[in-house]
Amino acid sequence: MAGTVYPILPGAIAIFFAFLVYGWFFSFDPFGVWFWIFQILIVVVLFVADYVVSAWGVKKFGGSKLSTTLSTIGVIIGPFVIPAFGLVLGPFIGAFIGELIGGSSPSKATKVGFGSVVGLFTSTVMKIILQIVMIVLFIIWVARFA
C-alpha cells in the first residue's frame, strides 16, 4: 500500500508478487484461474487508470499536453527533490510550468496546477480502493481453503 502514496513504489505489483510468494511458500491450491484473471485485470486497470485519472485532473482544469507531461514528471521526481511535500508540489509545479511555457496566464497556470493535484488525489483514492479489493479477494480465496 506504500506505493499508493509514494508513486515510485509499485504497490499493485508488490501486492501481486506477495500472492505469488504466498503460493510458493504455502500453496497455490486456493488460487484458481479466476483469481489470477481478476488480479491481473485489477493491476492493468490500476496502471491505465492511474495515468488517465491524473491526466483527467489536468485536462478538466484546462491544461495542455505539456502540462500533463510535466505534471507526470513532477509526480515522479517531486518526492526526491522536495521530500516532505514533493508528492503534492511536484505535479502542481510541473503543470504550472507547463502552462506558463504554453503562454497561459499565471492564474490559469495556477488553476491547472490545482487540477493536477485533484487528479493525483483522485487517483490515489482509486488506487487505495482497488488495492484493498485485491487484498480482500486474496483473503476470500485463501479462506475458502482454510
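Here the structure is a predicted model, which means the values were calculated and not measured. One numbering rule holds for all chains: residues counted from 1, following each sequence as written. Reporting of local features is limited, given that this is a predicted model, to residues whose pLDDT is at least 70; pairs of side-chain atoms are given and counted only at 80 or more, and all residues count toward the totals for whole chains, interfaces and linings. Each side-chain value is worked out from all heavy atoms of the structure, with water and hydrogens disregarded.

Colleague: Could you give me a rundown of the overall build of the chain, with the residues and numbers involved?
Modeller: Each helix corresponds to a stretch of at least 4 residues labelled H or I by DSSP, and each strand to a stretch of at least 2 residues labelled E; elements are numbered beginning at the N terminus. Counting its regular elements, the chain contains six helices and zero strands. Over its C-alpha atoms, taken along the principal directions, the chain stretches across nearly 60 × 25 × 15 Å. Within the chain, the fraction of its 146 residues that count as buried is 40%. Counting contacts in the chain only where the partners sit at least 6 residues apart, residues at least 24 apart contribute 69% of the total. Each residue's exposure class comes from its accessible area (1.4 Å probe, protein chains only) as a fraction of the maximum for that residue type: buried when under 20%, exposed when over 50%, partly exposed otherwise. By the convention used here, residues are in contact when the closest approach between their heavy atoms is within 4.5 Å.

Colleague: Help me get a handle on the side chain of Ser71, residues and values and all.
Modeller: With respect to the helices, strands and loops of the structure, Ser71 is situated in helix H4 (residues 65-81). Not counting residues up to four positions away in its chain, the partners in contact with Ser71 are Val58, Pro91, Gly94, Ala95 and Ser116.

Colleague: Break down the nonpolar core for me, with residues and values.
Modeller: Only buried residues count toward a nonpolar core. Its members are Ala, Val, Leu, Ile, Met, Phe, Trp, Tyr and Cys residues joined through side-chain atoms within 4.5 Å. Formed by 20 residues in total, the largest nonpolar core has its most connected members in Phe19, Phe31, Phe35, Trp36 and Met134. Every element with two or more residues in this core is listed here: helix H2 (11-25), helix H3 (33-60) and helix H6 (106-144).

Colleague: Describe the pattern of salt bridges, with residues and values.
Modeller: Pairing of side chains with opposite charge becomes possible as their charged atoms draw close. Any carboxyl oxygen of Asp or Glu within 4 Å of a side-chain nitrogen of Lys or Arg constitutes a salt bridge here. The final tally for this structure, using the stated rule, is one salt bridge. Linking Glu99 and Lys108 is a salt bridge whose minimum nitrogen-to-oxygen distance equals 3.8 Å.

Colleague: For the side chain of Ser123, give the residues involved together with the corresponding values.
Modeller: Position of Ser123 relative to the elements: it lies in helix H6. A residue is classified by how much of its surface remains accessible, and Ser123, at 1% relative accessible area, is buried. Those residues within four positions of Ser123 in sequence are excluded, and the remaining contacts are Asp50, Val53 and Ser54.

Colleague: Now, about a nonpolar patch on the surface: what can you tell me, with residues and values included?
Modeller: Residues form patches when they are more than 30% accessible in relative terms and have no salt bridge. Like charges link within 9 Å. Nonpolar side chains (Val, Leu, Ile, Met, Phe, Trp, Tyr) link within 5 Å. Accessible surface area values rest on a Shrake-Rupley calculation with a 1.4 Å probe, where residue burial reflects the displayed protein chains alone. Judged by side-chain polarity, Leu66, Phe85, Leu89, Ile93, Ile97 and Ile101 come together as a nonpolar surface patch covering roughly 530 Å² of accessible area. In terms of residues, the nonpolar patch owes the most to one element, helix H5 (residues 86-101), which gives four residues. By the element assignment, Ile101 lies in helix H5.

Colleague: Any details on the environment of Phe114? Residues and values, ideally.
Modeller: Within the secondary structure layout, Phe114 lies in helix H6. Phe114 sits in the partly exposed class, given a relative accessible area of 49%. If we skip the residues at most four places from it in the chain, Phe114 touches Phe61 and Phe92.

Colleague: An account of the UniProt feature "transmembrane region" (unreviewed entry) in the chain is needed here, citing residue identities and associated values.
Modeller: UniProt positions are given in the numbering used here, feature names are shortened, and annotations may be inferred rather than shown by experiment. Under the UniProt annotation, the feature "transmembrane region" (unreviewed entry) is placed at residues 7-27, 33-58, 70-97 and 117-143. Span residues 70-97 is 86% helix and 0% strand, its end C-alpha atoms 8 Å apart.

Colleague: With reference to specific residues and values, describe H5.
Modeller: With 16 residues, H5 ought to run about 22 Å at 1.5 Å a step, and its terminal C-alpha atoms sit 21 Å apart, in line with that. Among the residues of H5, those classed as buried are Gly86, Gly90, Pro91, Gly94, Ala95, Gly98 and Glu99. Those residues of H5 that are buried lie in contact with H4 and H6. The span one expects for a helix is its residue count, reduced by one, times 1.5 Å.

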